[in-house]
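The residues making up each chain are set out below.
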Amino acid sequence: MNGELQALGRAVKQTQYRQHRALDSALAAAGTTLAQWDALRAIGRTPGSSARELAAETFQTEQSFGTLVGRMTTQGVVERRPGHGRRIEHHLTPAGESVLQAGHRIADEVLTSCFSPLSEADRATLLDLLRRLNADGTGRP
(Lines give C-alpha, C1' and ligand atoms only; values in the text may rest on other atoms or scores of the structure.)
Protein backbone atom coordinates (compact mmCIF):
# COMPACT_ATOMS: atom_id res chain seq x y z
CA MET A 1 0.00 0.00 0.00
CA ASN A 2 2.86 2.44 0.76
CA GLY A 3 3.96 2.33 -2.89
CA GLU A 4 0.46 3.28 -4.00
CA LEU A 5 0.30 6.12 -1.49
CA GLN A 6 3.67 7.40 -2.62
CA ALA A 7 2.56 7.20 -6.26
CA LEU A 8 -0.60 9.13 -5.33
CA GLY A 9 1.41 11.80 -3.52
CA ARG A 10 3.77 12.12 -6.46
CA ALA A 11 0.88 12.34 -8.95
CA VAL A 12 -0.72 15.17 -6.93
CA LYS A 13 2.61 17.00 -6.78
CA GLN A 14 3.26 16.45 -10.50
CA THR A 15 -0.18 17.83 -11.38
CA GLN A 16 0.39 20.86 -9.16
CA TYR A 17 3.84 21.44 -10.65
CA ARG A 18 2.56 21.28 -14.24
CA GLN A 19 -0.34 23.60 -13.40
CA HIS A 20 1.94 26.12 -11.67
CA ARG A 21 4.41 26.15 -14.56
CA ALA A 22 1.62 26.70 -17.08
CA LEU A 23 0.08 29.48 -14.98
CA ASP A 24 3.40 31.20 -14.32
CA SER A 25 4.27 31.19 -18.03
CA ALA A 26 0.85 32.47 -19.09
CA LEU A 27 0.66 35.15 -16.39
CA ALA A 28 3.81 36.75 -17.78
CA ALA A 29 1.56 38.16 -20.53
CA ALA A 30 -0.22 40.17 -17.81
CA GLY A 31 3.10 41.36 -16.42
CA THR A 32 2.94 39.24 -13.29
CA THR A 33 4.04 35.93 -11.82
CA LEU A 34 2.01 33.21 -10.15
CA ALA A 35 3.29 34.27 -6.71
CA GLN A 36 2.36 37.89 -7.35
CA TRP A 37 -1.05 37.03 -8.79
CA ASP A 38 -1.75 34.76 -5.82
CA ALA A 39 -0.90 37.67 -3.50
CA LEU A 40 -3.18 39.97 -5.50
CA ARG A 41 -5.99 37.40 -5.20
CA ALA A 42 -5.52 37.15 -1.44
CA ILE A 43 -5.50 40.94 -1.00
CA GLY A 44 -8.48 41.27 -3.33
CA ARG A 45 -10.46 38.72 -1.29
CA THR A 46 -9.64 40.36 2.04
CA PRO A 47 -8.59 44.00 1.62
CA GLY A 48 -6.97 45.44 4.71
CA SER A 49 -5.40 42.15 5.78
CA SER A 50 -2.06 42.07 7.55
CA ALA A 51 1.09 40.53 6.12
CA ARG A 52 0.76 37.65 8.58
CA GLU A 53 -2.76 36.84 7.39
CA LEU A 54 -1.80 37.16 3.73
CA ALA A 55 1.33 35.04 4.14
CA ALA A 56 -0.77 32.22 5.58
CA GLU A 57 -3.34 32.62 2.80
CA THR A 58 -0.64 32.37 0.11
CA PHE A 59 1.34 29.52 1.74
CA GLN A 60 4.40 31.69 2.39
CA THR A 61 6.41 32.74 5.38
CA GLU A 62 5.88 36.28 6.65
CA GLN A 63 9.39 37.18 5.52
CA SER A 64 8.84 35.85 1.99
CA PHE A 65 5.50 37.59 1.73
CA GLY A 66 7.00 40.84 3.00
CA THR A 67 9.70 40.72 0.33
CA LEU A 68 7.13 39.93 -2.37
CA VAL A 69 4.70 42.68 -1.35
CA GLY A 70 7.58 45.14 -1.11
CA ARG A 71 8.33 44.55 -4.80
CA MET A 72 4.64 44.78 -5.62
CA THR A 73 4.37 48.10 -3.78
CA THR A 74 7.28 49.43 -5.84
CA GLN A 75 5.49 48.23 -9.00
CA GLY A 76 2.41 50.18 -7.95
CA VAL A 77 -0.03 47.26 -7.73
CA VAL A 78 -0.32 47.12 -3.93
CA GLU A 79 -0.35 49.80 -1.28
CA ARG A 80 0.28 49.49 2.42
CA ARG A 81 -1.72 51.65 4.82
CA PRO A 82 -1.50 52.12 8.58
CA GLY A 83 -4.06 50.09 10.49
CA HIS A 84 -4.89 49.80 14.18
CA GLY A 85 -1.80 49.98 16.37
CA ARG A 86 1.24 48.70 14.51
CA ARG A 87 -0.83 46.80 11.97
CA ILE A 88 -0.11 47.52 8.31
CA GLU A 89 -3.03 46.87 5.98
CA HIS A 90 -2.68 45.82 2.34
CA HIS A 91 -4.88 47.05 -0.50
CA LEU A 92 -4.89 46.77 -4.28
CA THR A 93 -4.28 49.86 -6.35
CA PRO A 94 -6.28 50.37 -9.56
CA ALA A 95 -3.28 48.95 -11.45
CA GLY A 96 -3.29 45.94 -9.11
CA GLU A 97 -6.99 45.41 -9.70
CA SER A 98 -6.35 45.47 -13.46
CA VAL A 99 -3.56 42.88 -13.19
CA LEU A 100 -5.76 40.73 -10.94
CA GLN A 101 -8.61 40.74 -13.47
CA ALA A 102 -6.26 39.93 -16.36
CA GLY A 103 -4.85 37.09 -14.25
CA HIS A 104 -8.34 35.70 -13.64
CA ARG A 105 -8.97 35.53 -17.39
CA ILE A 106 -5.60 33.87 -18.01
CA ALA A 107 -6.06 31.40 -15.16
CA ASP A 108 -9.49 30.41 -16.45
CA GLU A 109 -7.95 29.55 -19.82
CA VAL A 110 -4.98 27.68 -18.36
CA LEU A 111 -7.05 25.73 -15.84
CA THR A 112 -9.62 24.82 -18.48
CA SER A 113 -6.79 23.30 -20.47
CA CYS A 114 -5.19 21.61 -17.43
CA PHE A 115 -8.42 19.92 -16.40
CA SER A 116 -9.78 19.25 -19.90
CA PRO A 117 -9.05 15.49 -19.73
CA LEU A 118 -11.62 15.23 -16.90
CA SER A 119 -15.36 15.36 -17.32
CA GLU A 120 -17.37 17.88 -15.34
CA ALA A 121 -18.41 15.07 -12.97
CA ASP A 122 -14.78 13.96 -12.54
CA ARG A 123 -13.72 17.54 -11.74
CA ALA A 124 -16.49 17.83 -9.16
CA THR A 125 -15.43 14.53 -7.59
CA LEU A 126 -11.77 15.58 -7.53
CA LEU A 127 -12.66 18.90 -5.91
CA ASP A 128 -14.76 17.12 -3.29
CA LEU A 129 -11.96 14.65 -2.52
CA LEU A 130 -9.35 17.41 -2.20
CA ARG A 131 -11.63 19.45 0.04
CA ARG A 132 -12.09 16.40 2.27
CA LEU A 133 -8.33 15.92 2.49
CA ASN A 134 -7.87 19.57 3.47
CA ALA A 135 -10.87 19.78 5.81
CA ASP A 136 -9.06 19.43 9.13
CA GLY A 137 -7.31 22.77 8.65
CA THR A 138 -4.10 21.74 10.44
CA GLY A 139 -1.91 22.12 7.39
CA ARG A 140 -0.27 18.83 8.30
CA PRO A 141 0.08 16.07 5.68
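What you are looking at is a predicted structure, and each value in this text was computed from that prediction instead of being measured.

**What about the overall build of the protein chain?**
Here is step 1 of the chain: Along its length, the protein chain carries six helices and two strands.
Here is step 2 of the chain: Going from N to C terminus, the protein chain has its helices and strands arranged as α-α-α-α-β-β-α-α.
Here is step 3 of the chain: Projected onto its principal axes, the C-alpha positions of the protein chain cover 50 × 35 × 25 Å.
Here is step 4 of the chain: Residues counted as buried form 26% of the 141 residues belonging to the protein chain.
Here is step 5 of the chain: Across the protein chain, every contact between residues at least 6 apart in sequence was considered, and the portion connecting residues at least 24 apart equals 50%.
Here is step 6 of the chain: Summed over its atoms, the accessible surface of the protein chain is roughly 9800 Å², and 54% of this surface lies on carbon and sulfur atoms.
Here is step 7 of the chain: Taken as two groups, the 17 positive and 15 negative side-chain charges of the protein chain have centres that lie 5 Å from each other.

**A look at the pattern of salt bridges**
Side chains that differ in sign of charge can pair as their charged atoms come close.
Here is step 1 of the chain: Counted under the stated rule, the structure contains six salt bridges.
Here is step 2 of the chain: Put simply, Glu53 and Arg87 hold a salt bridge, and the shortest N to O gap is 3.0 Å. Pair noted here: Glu53 is in helix H3 (residues 51–57) and Arg87 is in the loop between strand S1 (78–82) and strand S2 (88–92), with a separation of 34 residues, a long-range link.
Here is step 3 of the chain: On the accessibility criterion, Glu53 (39% relative accessible area) is partly exposed.

**Quick word on the packing of helix H2 (residues 34–45) against helix H5 (residues 94–114)**
The angle between the axes and the distance between the axes are what describe a pair of packed helices.
Here is step 1 of the chain: Packing of H2 against H5 brings their axes to within 10 Å, and their N-to-C directions diverge by 115°. What the angle tells us is that H2 and H5 run roughly perpendicular. H2 and H5 meet at a crossing whose hand is left-handed. Two secondary-structure elements touch here, H2 through Trp37, Leu40, Arg41 and Gly44 and H5 through Gly96, Val99, Leu100, Gly103, His104 and Ala107.
Here is step 2 of the chain: Of the residues assigned to the contact of H2 with H5, the class counts are five nonpolar, four polar and one charged.

What counts, and at which threshold
- Residues numbered from 1 in each chain as written.
- Predicted model: local features only at pLDDT ≥ 70, side-chain atom pairs only at ≥ 80, totals over all residues.
- Heavy atoms only, no water.
- Helix = DSSP H or I, 4+ residues; strand = E, 2+ residues; numbered from the N terminus.
- Buried < 20%, exposed > 50% of the residue type's maximum accessible area, 1.4 Å probe, protein only.
- Contact = heavy atoms within 4.5 Å.
- Areas by Shrake-Rupley, 256 points an atom, 1.4 Å probe, with all protein chains shown as cover.
- Lys, Arg positive; Asp, Glu negative; His and termini not counted.
- Charge placed at Lys NZ, Arg CZ, Asp CG, Glu CD.
- Salt bridge = Lys/Arg side-chain N within 4 Å of Asp/Glu carboxyl O.
- Axes fitted to C-alpha atoms, helices over the stretch in contact; angles between N-to-C directions.
- Parallel < 35°, antiparallel > 145°, perpendicular 65-115°, else oblique.
- Left-handed = near helix turned anticlockwise from the far one by under 90°.
- Nonpolar A, V, L, I, M, F, W, Y, C, P; charged D, E, K, R; others polar.

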